[in-house]
Structure formats: structure tokens, C-alpha cells
Amino acid sequence: MSFEIHSEKKIEVQPPFQKDMRPAKHKANVFLVEVQANVPCPIILCSDLHTNAKDLIERLGRKLPEPKEWTFLSAGDMSGTGILGGNGYSEEAIRSALETFRRVYFVEGNHDLESSYSRGFRNEDGSHCHVSGRVQEVENLGWITGIDGVISSKKKNQRRRKSDYLSTLGRLTKGTTIDWLLTHDIPLIEEITDSAIGHRELRDLVVEEKVQHHLFGHHCFSWWQGKIEETRFINVDSRIVFLSQEPLGLFSDSMYDI
Ligand SMILES: [Fe+2]
């Protein structure tokens, strides 16, 4: 797939709430990126929108000329009070995305409380919105799968032991060329991100299984996408990336002028 960045825009969003439930004094941003790509359908990629998730989805619904043409992929943390804030349910954001876009696929991040409600959501074509632990073939998108949570031995929300995480992912990716892999956790891809954050084993597994696109969140890298062998890694923490054949020039004006 070709992948050419057409335009980028930084918008200010509501800062995270502190423990005393007052907004933090520092600014919080989300980056909007339009990418020209030879995709078979227009696709939105995002994660870690936290307390702003529902509001941003609703704004997109008003901003996009044909929101019902877009497929929406989320790599998690669409809940909670802020970047490092408390946990919450992503149900409202996911339901809003389902009402706004053609179809929705998501995994849950470490701030998303497990929700049997949103895990039960289905798209109009019958496919499951929650992709963790499932391998599905979707029209115009290909094979999609994912895994919730992050690798950690801590007894906290959405943490998984490394061996369990990797064996589950190995099972999901074996024998099928996955077009879209959604994880909240981070592969170690120093040559793209210029950072030592992430898991080497996750990256090795993804490259070895020839996953075509690996969408991940959890930490916002400034160098956020690139290819290693056949895999394009895309970091979408605090980003909303619009993939379409012809970029629409959506954000030449302020998103908040809607
Ligand atoms: Fe996270």
C-alpha cells in the first residue's frame, strides 16, 4: 500500500483531569493527519483519545462529507480522564463511532475497563467490532485481528503476562496473512521511532508473520510510521489518521469551526 502524508494539523483538546478532578494546567493535543493511500475504502486510524474520544468522533461525524463511507479502527484507550488518567469504559465512544461510521473495529487499552457491552457490538455486515482474540475477514479491508491490553506482570487492569500475550498473538497470526493487526502495546521499532520503548518480541513476531499493517498506541512517538520488511507500523496514540485515495483537505480550517 502506498502511504504519502498529505497534511498534518495539531489541535488542542481538553487536558486530562488530575486526581482532584480539575483539568491539568498543561495543554493536550491531538494530531490530525491526512494520508494519500491506495486503500480499497477510506479508513480512520486512532487511539488514546481518552476523555476526548466521544467528542472528537462526533465532530468528525459532522466534519466528514460522507462519514458512513469510513471504516474506523481504534487501538484502544478511548476512555479514562486523560493521558495518564484513571480508567473508564470506552462504550460511549465506541457506540458513537458505530453510529457515525460504516463500521468499527477496536481493541481495549490499559485504561479501558473490560466491557461485555461494547465487546458485543456488531457491524451491519455481522462482523464483530471487538477484534481481540478473533481473526475475521472483512470486505475491502482483508484479514483483521488484535489483542487487548499491554504486556505486564502487574496485577492491574488489562495487563497480560508476556508469554501469554505472545502465544495468543502467535496463534492469531499463524497461517493467515493479516492485513490489519490492532494492539495497544508497542513494538520496539527503533529504526522508525528513534526510541528504545517497546517490545522486541512483539516486533519480531509481527515482521516474521508478514503482518501488513500493525496499528498500535499507548505512547505517542513523533516519528510515528514506517515500514520494516513487509510490515508498515503505525503509531496512533493521540493521532487521528485519515487514509483515502484522494485526500479531502479536511482540516485546512479549524476542526472546532464546525
Ligand atoms: Fe495506554
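Residues numbered from 1 in each chain as written. Predicted model: local features only at pLDDT ≥ 70, side-chain atom pairs only at ≥ 80, totals over all residues.

Draft legend 1. Inspection of the overall build of the protein at higher detail. Secondary structure assignment for the protein yields six helices and 14 strands. Compactness check: the protein gives a C-alpha radius of gyration of 17 Å against a globular reference of 18 Å for 258 residues, within 12% of the reference. Counting the 258 residues in the protein, one finds 43% classified as buried. Counting contacts in the protein only where the partners sit at least 6 residues apart, residues at least 24 apart contribute 68% of the total. (Helix = DSSP H or I, 4+ residues; strand = E, 2+ residues; numbered from the N terminus. Rg over C-alpha atoms; globule rule 2.2 N^0.38 Å. Buried ≥ 20, exposed ≤ 12 C-beta atoms within 10 Å, placed from the backbone. Contact = placed C-beta atoms within 7 Å.)

Draft legend 2. View of unusual backbone geometry. Positive phi, close to 55°, is recorded for D77, a residue that is not glycine. What makes D77 buried here is the crowd of 30 C-beta atoms within 10 Å. Positive phi outside glycine occurs at E229, with the angle close to 50°. Take E229: it is sitting in the loop between strand 12 (225-228) and strand 13 (231-235).

Draft legend 3. View of the packing of helix 1 (residues 53-63) against helix 2 (residues 91-100). At a minimum axis distance of 8 Å, the contact between helix 1 and helix 2 shows a crossing angle of 10°. Here helix 1 is positioned roughly parallel relative to helix 2, judged by the angle of their axes. Contact residues: A53, K54, I57, E58, L60 and G61 in helix 1; E92, A93, S96, A97 and T100 in helix 2. (Axes fitted to C-alpha atoms, helices over the stretch in contact; angles between N-to-C directions. Parallel < 35°, antiparallel > 145°, perpendicular 65-115°, else oblique.)

Draft legend 4. Local environment of the sheet that holds strand 7 (residues 142-147). Taking strand neighbours across the sheet as the criterion, the six strands line up as 6-7-10-11-13-12 in an open arrangement whose pairing is mixed. The open sheet has two edge strands with one neighbour each: strand 6 (136-138) and strand 12. Strand-to-strand, the axes of this sheet are offset by a mean angle of 25°, without reference to chain direction. Looking at chain direction, strand 12 and strand 13 are connected through four bridges and run antiparallel. The residue of strand 13 that forms the bridge with G226 is F233. (Pairing = 2+ DSSP bridges.)

Draft legend 5. Here's a closer look at the sheet that holds strand 14 (residues 239-244). If you walk across this open sheet you meet the six strands as 1-2-14-3-4-5, and the pairing is mixed. Sheet topology places strand 1 (4-13) and strand 5 (103-106) at the edges, where each strand pairs with a single neighbour. When the angles between neighbouring strand axes are averaged without regard to direction, this sheet yields 15°. Sheet topology note: the strand 2 (residues 28-36)/strand 14 ladder contains six bridges and is parallel. Bridging across to strand 14, L32 finds its partner in I240.

Draft legend 6. Region of the structure containing the pairing of strand 2. Relative to strand 2, strand 1 runs antiparallel, the two being bridged by nine bridges. From the neighbouring strand, K10 faces strand 2, where its bridge partner is F31.

Draft legend 7. Seen up close, the environment of S167. On the secondary structure map, S167 appears in helix 4 (residues 162-173). Separated by 38 residues in sequence, S167 and L205 have C-alpha atoms that sit 10.0 Å apart.

Draft legend 8. Seen up close, helix 6 (residues 200-208). Within helix 6, the full set of buried residues consists of L202, R203, L205 and V206. The buried side chains of helix 6 occupy one side of the element, clustering within an arc of 165° when seen end-on. Of the exposed residues in helix 6, those oriented more than 90 degrees away from the buried face are R200 and E208. Residues of helix 6 that are buried make contact with helix 4, strand 10 (180-183), strand 11 (213-216) and strand 13. K210 sits one or two positions beyond helix 6 and adopts a positive phi of about 60°. (Arc of directions from axis to C-beta.)

Draft legend 9. Spatial organisation of helix 2. Along helix 2, the positions that sit buried rather than exposed are A93, I94, S96, A97, L98 and T100. Lining the buried residues of helix 2 we find helix 1, strand 4 (71-74), strand 5 and helix 3 (116-119).

Draft legend 10. Up close: the environment of G109. Relative to the assigned elements, G109 resides in the loop between strand 5 and helix 3. For G109, a count of 29 C-beta atoms within 10 Å puts it in the buried group. For G109, the residues in contact, after removing those within four places along its chain, are S47, D48, G76, D77, Q158, H184, G217 and H218.

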